[in-house]
Amino acid sequence: MGTTHAGMDAYIDKAAPFAQPILRHLREVVHQACPEVVEAMKWSSPHFEYRGMLCNMAAFKQHCAFGFWKGSLFLEQGDERAQQAAGHFGRITSIDDLPPRDEIIACIHQAMRLNEEGVRAASRKQPGEKAELVVPDDLTAALEANEAALVTFTRFSPSHRREYVEWIADAKTDATRQKRLRQAVEWMAEGKSRHWKYARS
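Residues numbered from 1 in each chain as written. Predicted model: local features only at pLDDT ≥ 70, side-chain atom pairs only at ≥ 80, totals over all residues. Heavy atoms only, no water.

A.B. asks: How do you make sense of helix H3 (residues 101–116) when you look at a structure like this?
C.D. replies: Every α-helix carries 3.6 residues per turn, so stepping three or four residues along brings you back to the same face. When the terminal C-alpha atoms of H3 are compared, their 22 Å separation across 16 residues agrees well with the 22 Å that a helix rising 1.5 Å per residue should span. A positive backbone phi angle near 75° is found at Gly 118, which sits one or two residues after H3. (Helix = DSSP H or I, 4+ residues; strand = E, 2+ residues; numbered from the N terminus. Expected span 1.5 Å × (residues − 1).)

Below you can see the structure in the form of structure tokens.
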């Protein structure tokens, strides 16, 4: 039997009115597809676990996002919708933007099988090349909540953006990740790169 998390209820209740039915729908579909799923709040957003990380969802000011922890192993990477926002289903502004229920369930079942078989998530880096930069949902949310920081991040070179993303991703605990998120947004709001202290004046 699945396990719910009170923090997820609070997250949904605090979300914008347009986002609440989307989040409730996704939550219900995940539980339907994976009756043993365990809910968790990680990096300030709702996550679902089944023998490891399974998928997650998030609400932003004008859209929602839903993604799979190992989605790169079974979902198309060139999909235009997926490139428009964090997650694998693009910018979700209503339930109508989501794939049909049976397609979402099929994706969840694929993600479950990968966890059951002990398949590891795709490495961020391949030998001799740099992986495409994926901005995590919690950083996206923090940037969207601070216009100055978002402008700075958008104008940064790819290497500067990667420095912040990898610094946050490498945090060993939720507490450290939250601290780095706050610091990153503060610095970017001031127009600073990750290693601004060492930059030549």
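Structure shown, so let's carry the discussion forward.
A.B. asks: For this particular structure, what's the right way to read the packing of aromatic side chains?
C.D. replies: For any pair of aromatic rings, the description consists of the separation of the ring centres together with the inter-plane angle of the planes. Applying the stated criterion to the full structure yields seven aromatic pairs. Ring geometry for Phe 68 and Phe 89: centres 6.2 Å apart, planes at 80°, overall edge-to-face. Linking Phe 68 in strand S4 (residues 64–68) with Phe 89 in the loop between S4 and H3, this pair joins segments that are 21 residues apart in sequence. The exposure class assigned to Phe 89 is buried, which follows from its relative accessible area of 7%. With a centroid separation of 5.8 Å and 15° between ring planes, the pair formed by Trp 167 and Trp 187 is classed as stacked. Linking Trp 167 in helix H6 (residues 158–169) with Trp 187 in helix H7 (residues 174–189), this pair joins segments that are 20 residues apart in sequence. As far as the burial class goes, Trp 167 and Trp 187 line up, both buried. Here the aromatic cluster, defined as three or more aromatic residues joined through ring pairs, consists of Phe 66, Phe 68, Phe 74 and Phe 89. Residue placement shows Lys 192 over the ring face of Trp 196; its charged tip is 3.7 Å from the ring centre. A cation sits over an aromatic face here: Arg 194 above Trp 167, 4.1 Å from the ring centre. (Phe/Tyr/Trp six-rings, centres within 6.5 Å; stacked < 30°, edge-to-face > 60°. Buried < 20%, exposed > 50% of the residue type's maximum accessible area, 1.4 Å probe, protein only. Lys NZ or Arg CZ within 6 Å of the ring centre and 35° of its normal.)

Bear in mind that shape data such as this cannot, by itself, settle questions of function.
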